[in-house]
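So the chains spell out like this:
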Amino acid sequence: MSRSWGFDLRKRPLIMGVLNVTPDSFSDGGQFFSVSEALARADQMRAEGADIIDVGGESTRPGAEPVLEDEELRRVIPVVGDLARRGFRVSIDTMKPAVASAALAAGAQIVNDVSGFRNPEMSAIAARHQAATCLMHMQGKPRTMQAEAEYADVVSEVRDYLRQQAEEAIAAGVPQEEIVLDPGIGFGKTLGHNIDLLKAIPQMKALGFPVLIGVSRKSFIGRLLGSSADPRPVEERLHGTLAVQVLAQAWGADVLRVHDVRAATDARAMVHALIASEDRIEA
Ligand code: HH2
């Protein structure tokens, strides 16, 4: 299979289902930590309509401790290999070149790097495999990023960073038509920054690349539904998540990264039916 995002000609956003093979992810840590639990979860997400499964072995939640390379490999490679053999479109969520490389060799199609290829080895690996990529903006590192969330103009800083990372990746030989950009909602951003970036999806798209948005169950939703001191718990953020995903789709997001696949595909279908042009509906 070619290494591509496989964009839908009907122009609906792709749904990327989150598969965290971790003990400590912020909303589902420990739930899919064994290979068999992870595979069962992937099967369920595919049955619910996920277009891509995003496999991650290191939590990037604020404050998370880094995971050693061997441990990350041990968590994700058996899962990636099994899913790829069974025809899933798999993305590998990692910042580590060795993990990206092993996952691509095991059949992953897409490298999803929350640091946006800060490590130039990532571009070299993606170029060697001619892989599809998601380049995300993150300020700082997960362990400390929320303490460092400061920008003069968040939209232009994030946009300039993404443009620069995309240019560097292309210069290194990463296929341009397979690059997707992501403003990195919740990664070194305050509540206000997240809102500004979501409203700026059309400006991000103006860079000429598809845009991925990941808001599922994130803390800014908990804080908007409750308060900063008393946020809505993570398992009660689905309705808020869907509202944001609906708007992101209407504003032009091309990929939505979600935990609740059935809810997301239903919402996607409704938005598509209501706002798509007629030729798209018939396509
Ligand atoms: N968010 C998370 C992880 N990876 N990748 C992209 N491209 N965009 C995102 O917004 C994004 C991402 C964080 O969510 P989750 O995987 O559920 O949590 P954790 O990092 O704790 O495993």
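A. Seen up close, the pairing of strand S6 (residues 179-182). Of the two faces of S6, the one carrying Ile 179 and Leu 181 and the one carrying Val 180 and Asp 182 are both buried. Bridge analysis of strand S5 (residues 132-136) against S6 gives four bridges, and the strand direction is parallel. What sits directly across from Cys 134, in S6, is Val 180. Following the chain from S5 across helix H5 (residues 154-171) to the adjacent parallel S6, one finds a crossover that is right-handed.

B. Inspection of the nonpolar core at higher detail. Counting 62 residues, the largest nonpolar core has Leu 19, Ile 53, Val 55, Leu 83 and Ile 213 as its most contacted members. Of all the elements, H5 adds the most residues to this core, at seven residues. Excluding residues that lie within four positions of it along the chain, Ile 53 makes contacts with Gly 17, Leu 19, Ala 42, Met 45, Leu 83, Phe 88, Arg 89, Val 90 and Ser 91. Trp 5, Met 16, Ile 52 and Leu 212 belong to the second-largest nonpolar core, a separate cluster that totals ten residues.

C. Representation of the pairing of strand S8 (residues 255-258). Residues Val 255 and Arg 257 of S8 are buried on one face, and the alternating residues Leu 256 and Val 258, pointing to the opposite face, are buried as well. Pairing of strand S1 (residues 14-20) with S8, which is carried by four bridges, proceeds in the parallel orientation. From the neighbouring strand, Gly 17 faces S8, where its bridge partner is Val 258. As paired strands, strand S7 (residues 212-214) and S8 are joined by three bridges and run parallel to one another. Bridge pairing links Gly 214 to Arg 257 in S8.

D. Just the site of the ligand, in detail. Residues in close proximity to the ligand total 19 residues, the closest being Ser 25, Ser 59, Thr 60, Asp 182 and Lys 218. One of the backbone nitrogen or oxygen atoms of Gly 214 is found 3.4 Å away from an oxygen atom of the ligand. The side chain of Arg 257 places a nitrogen or oxygen atom 2.8 Å from an oxygen atom of the ligand. For the ligand, whose unbound accessible area comes to 480 Å², protein coverage reaches 98%. For the shell around the ligand, the elements supplying multiple residues, two or more each, are S1, S5 and S7. Its residues assigned to classes, the shell around the ligand comprises seven nonpolar, seven polar and five charged.

E. Spotlight on the packing of helix H1 (residues 35-47) against helix H2 (residues 69-85). With their axes 10 Å apart at the nearest point, H1 and H2 run at an angle of 40° to one another. Here H1 lies oblique to H2, going by the angle between them. H2 is crossed by H1, and the crossing has right-handed handedness. Touching Val 35, Ala 38, Leu 39 and Ala 42 of H1 are Pro 78, Val 79, Asp 82 and Leu 83, all from H2.

What counts and what doesn't
- Residues numbered from 1 in each chain as written.
- Predicted model: local features only at pLDDT ≥ 70, side-chain atom pairs only at ≥ 80, totals over all residues.
- Heavy atoms only, no water.
- Buried < 20%, exposed > 50% of the residue type's maximum accessible area, 1.4 Å probe, protein only.
- Helix = DSSP H or I, 4+ residues; strand = E, 2+ residues; numbered from the N terminus.
- Pairing = 2+ DSSP bridges.
- Right-handed = clockwise from strand over helix to strand, strands pointing away.
- Core = buried A, V, L, I, M, F, W, Y, C linked by side-chain atoms within 4.5 Å.
- Contact = heavy atoms within 4.5 Å.
- Near = heavy atom within 4 Å.
- Polar contact = N/O pair within 3.5 Å; in protein donor to acceptor, adjacent residues only side chain to side chain.
- Areas by Shrake-Rupley, 256 points an atom, 1.4 Å probe, with all protein chains shown as cover.
- Nonpolar A, V, L, I, M, F, W, Y, C, P; charged D, E, K, R; others polar.
- Axes fitted to C-alpha atoms, helices over the stretch in contact; angles between N-to-C directions.
- Parallel < 35°, antiparallel > 145°, perpendicular 65-115°, else oblique.
- Left-handed = near helix turned anticlockwise from the far one by under 90°.

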